[in-house]
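The primary structure of each chain is shown beneath.
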Amino acid sequence: MWLAVKRADSVVRGLLDLSRQQELVWKREEPNDLVERTLGLMKHEIQRRRITLVRELEEELPSVTVDGYRIQQVLINLMTNAAQAMRDGGTLTVCTGRSSRPEGVVITVGDTGPGIPEHVLGHVFEPFFTTKSAEHGTGLGLAVARQLVHMHGGTLRLENGPNGACATVLLPL
């Protein structure tokens, strides 16, 4: 019973995030600080899953005007998905850097999981699409994450790399 209530609450919260026009609280933020604060929130999950964390944070990045709470929500979702993909441990790589096209800051979250099957890749941002069991996912996380990034004028891309999946968030200056 408790699991059903918890799942229903999660679905309702996800739907509300997806459907309502959220008011953003704009503030200048340092991208590396956003990443570090998010990693602090994810520390227990990373340790519990025996995941090795690799940080590749470019120094002296320009600050971005964002809603820091919402961008952390995006990063938590991406890091959680990456951690869940690595069932027996692995490596989570978080990078920051500059983007020249368009000018902005890039944050990437990569994992050494199995990657995303090609037939699934085109559907990952669709609301309610999930490959997880009912107790582990609602299929709203990536849809909400993409919407939040778009509200910042940015883009969110998910693709397979040589060693797993990689999510790329581009935030404009």
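Residues numbered from 1 in each chain as written. Predicted model: local features only at pLDDT ≥ 70, side-chain atom pairs only at ≥ 80, totals over all residues. Heavy atoms only, no water.

**As for the side chain of glutamate 29**
- Position of glutamate 29 among the secondary structure elements: in strand 1 (residues 27–29).
- On the basis of relative accessible area, glutamate 29 is assigned to the buried category, the value being 8%. (Helix = DSSP H or I, 4+ residues; strand = E, 2+ residues; numbered from the N terminus. Buried < 20%, exposed > 50% of the residue type's maximum accessible area, 1.4 Å probe, protein only.)

**Here we look at the pairing of strand 6 (residues 155–161)**
- Alignment of strand 6 against strand 7 (residues 164–172), held across 7 bridges, turns out to be antiparallel. Residue pairing for strand 7: asparagine 160 is matched across the bridge by alanine 165.
- Where strand 6 hands over to strand 7, the hairpin turn is made up of 2 residues, counted between the paired strands. (Pairing = 2+ DSSP bridges.)

**Topic: helix 2 (residues 31–48)**
- An ideal rise of 1.5 Å per residue puts 26 Å on 18 residues; helix 2 measures up with 26 Å between its terminal C-alpha atoms.
- The largest bend along helix 2 measures about 55° and falls at methionine 42.
- The inward-facing, buried residues of helix 2 abut strand 1, strand 2 (51–57), strand 3 (64–66), helix 3 (68–85), strand 4 (90–100) and strand 5 (103–111).
- Positive phi appears at arginine 50, one or two residues downstream of helix 2, with a value of about 55°. (Expected span 1.5 Å × (residues − 1). Bend = angle between axes of the 7 residues up to and from the residue. Contact = heavy atoms within 4.5 Å.)

**As for helix 3**
- Compared with an ideal rise of 1.5 Å per residue, which puts 18 residues at 26 Å, helix 3 spans 26 Å between its outermost C-alpha atoms and is within 8% of the ideal.
- Buried within helix 3 are the following residues: Gly68, Arg70, Ile71, Gln72, Val74, Leu75, Asn77, Leu78, Met79, Ala82 and Ala83.
- The N-cap of helix 3, judged by a side-chain oxygen 3.2 Å from the amide nitrogen of tyrosine 69 a few residues on, is aspartate 67. (Polar contact = N/O pair within 3.5 Å; in protein donor to acceptor, adjacent residues only side chain to side chain.)

**Let's talk about the pairing of strand 4**
- The pairing of strand 2 with strand 4 spans 7 bridges and is parallel. When the bridges of strand 4 are listed, threonine 52 appears paired with threonine 91.
- As defined by bridge partners, strand 4 adjoins strand 5 across 9 bridges and the pair is classed as antiparallel. Counted as the bridge partner of arginine 98 is valine 105 from strand 5.

**Points about the packing of aromatic side chains**
- The tally for this structure, following the rule as stated, stands at 0 aromatic pairs.
- The residue whose ring lies beneath arginine 146 is phenylalanine 125, and the NZ or CZ to ring-centre distance is 4.3 Å. (Phe/Tyr/Trp six-rings, centres within 6.5 Å; stacked < 30°, edge-to-face > 60°. Lys NZ or Arg CZ within 6 Å of the ring centre and 35° of its normal.)

**Considering the pattern of salt bridges**
- Throughout the structure, instances matching the rule amount to 6 salt bridges.
- The salt bridge involving glutamate 45 is made with arginine 49; its shortest N-O contact spans 2.5 Å. Residues glutamate 45 and arginine 49 agree in their burial class; the two are buried.
- With a closest N to O distance of 3.1 Å, arginine 98 and glutamate 58 form a salt bridge. You can see arginine 98 sitting in strand 4 and its partner glutamate 58 sitting in the loop between strand 2 and strand 3, a full 40 residues away along the chain.
- Taken together, the salt bridges that share partners define one network made up of Glu45, Arg48 and Arg49. (Salt bridge = Lys/Arg side-chain N within 4 Å of Asp/Glu carboxyl O.)

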